[in-house]
Amino acid sequence: QVQLVESGGGSVQAGGSLRLSCAASGYTYSRFCMGWFRQAPGKAREGVATVNTGGGSTYYADSVKGRFTISQNNAKNTLYLQMNSLKAEDTAMYYCAAKPAPQFWCDNPLERGSYNYWGQGTQVTVSS
């Protein structure tokens with residue numbers, strides 16, 4: 001059973017930075033699409049960024065392009081999300097998610113319904 005555990009959330013002022021981490025365990029697949037999603041109060045969960053752990057392809061929501069960077073450390077089985085130039089509208093619960101990847105790219109990389117495994121989430125609050 002795949003387990004995902006997020007950490008690194010917190011409170012920061014607008015313009016600041018945070019780095020989220022997601023530790024993965026319990027999997028046997030050699031390749032995953034692993035991503036970050038977020039959900040603000042009263043809003044649907046949306047995709048933020050995804051990476052194919054085998055091919056390295058990355059995908060970003062338009063709202064975070066140029067500010068957020070997704071990366072991975074395969075030796076540590078850990079996924080990261082570096083968030084810079086944070087805005088108040090980035091405030092949300094951030095979730096790590098994963099799904100097996102048969103190819104070296106991800107189909108529907110930011111579609112939440114296609115992901116099988118989810119972490120419990122870590123809160124990010126940006127004050128303006």
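Computed from a predicted model, the values in this text were never measured in an experiment.

**Student:** Even after reading the chapter, I still don't get the sheet that holds strand β8 (residues 78-83), so can you show me in this structure?
**Tutor:** Neighbouring strands of a sheet are bound in pairs by backbone hydrogen bonds; such pairs are parallel or else antiparallel. Within the open sheet, the four strands sit side by side as β1-β3-β8-β7. Their pairing is antiparallel. Edge positions in the sheet fall to β1 (3-7) and β7 (68-73), since each has one partner strand and no second. Within the sheet, the average angular offset between the axes of one strand and its neighbour, ignoring direction, is 20°. Bridge analysis of β7 against β8 gives six bridges, and the strand direction is antiparallel. Bridge assignment links serine 71 to a residue of β8, and that residue is tyrosine 80.

**Student:** Before we go on, may I ask you to explain the pattern of salt bridges in this structure?
**Tutor:** Opposite charge on two side chains permits them to pair, given that their charged atoms come into close proximity. Tallied over the full model, the rule gives four salt bridges. Here arginine 38 ties to glutamate 46 by a salt bridge, and the two come within 2.7 Å at their closest N and O atoms. Through salt bridges that share partners, Arg38, Glu46, Arg67 and Asp90 make up one connected network.

**Student:** Explain the nonpolar core here, please?
**Tutor:** In summary, soluble globular proteins display a tendency toward joint burial of nonpolar side chains. Of all hydrophobic cores here, the largest spans 29 residues; its most connected members are Leu4, Met34, Trp36, Leu81, Met83 and Tyr94. Once you skip the residues sitting within four places of it in the chain, methionine 83 turns out to touch Gly16, Ser17, Leu18, Leu20, Arg67, Phe68, Tyr94 and Val124. Ranked by size, the runner-up nonpolar core spans six residues in total, among them Ala97, Ala101, Cys106 and Tyr115.

**Student:** Is there a simple way to explain the state of the cysteines in this structure?
**Tutor:** In a disulfide, the sulfur atoms of two cysteines are covalently bonded to one another. In total, this model carries two disulfides according to the counting rule given. The residue that forms a disulfide with cysteine 22 is cysteine 96, at a sulfur-sulfur distance of 2.1 Å. Residues cysteine 22 and cysteine 96 are joined by a disulfide whose S-S torsion is about -80°; by sign, that bridge is left-handed. One end of the pair, cysteine 22, is in strand β3 (residues 18-25); the other, cysteine 96, is in strand β9 (residues 92-100), with 74 residues separating them in the sequence. Cysteine 96 matches cysteine 22 in its accessibility class, with the two residues each being buried.

Definitions and limits used
- Residues numbered from 1 in each chain as written.
- Predicted model: local features only at pLDDT ≥ 70, side-chain atom pairs only at ≥ 80, totals over all residues.
- Heavy atoms only, no water.
- Pairing = 2+ DSSP bridges.
- Helix = DSSP H or I, 4+ residues; strand = E, 2+ residues; numbered from the N terminus.
- Axes fitted to C-alpha atoms, helices over the stretch in contact; angles between N-to-C directions.
- Salt bridge = Lys/Arg side-chain N within 4 Å of Asp/Glu carboxyl O.
- Core = buried A, V, L, I, M, F, W, Y, C linked by side-chain atoms within 4.5 Å.
- Buried < 20%, exposed > 50% of the residue type's maximum accessible area, 1.4 Å probe, protein only.
- Contact = heavy atoms within 4.5 Å.
- Disulfide = S-S within 2.5 Å.

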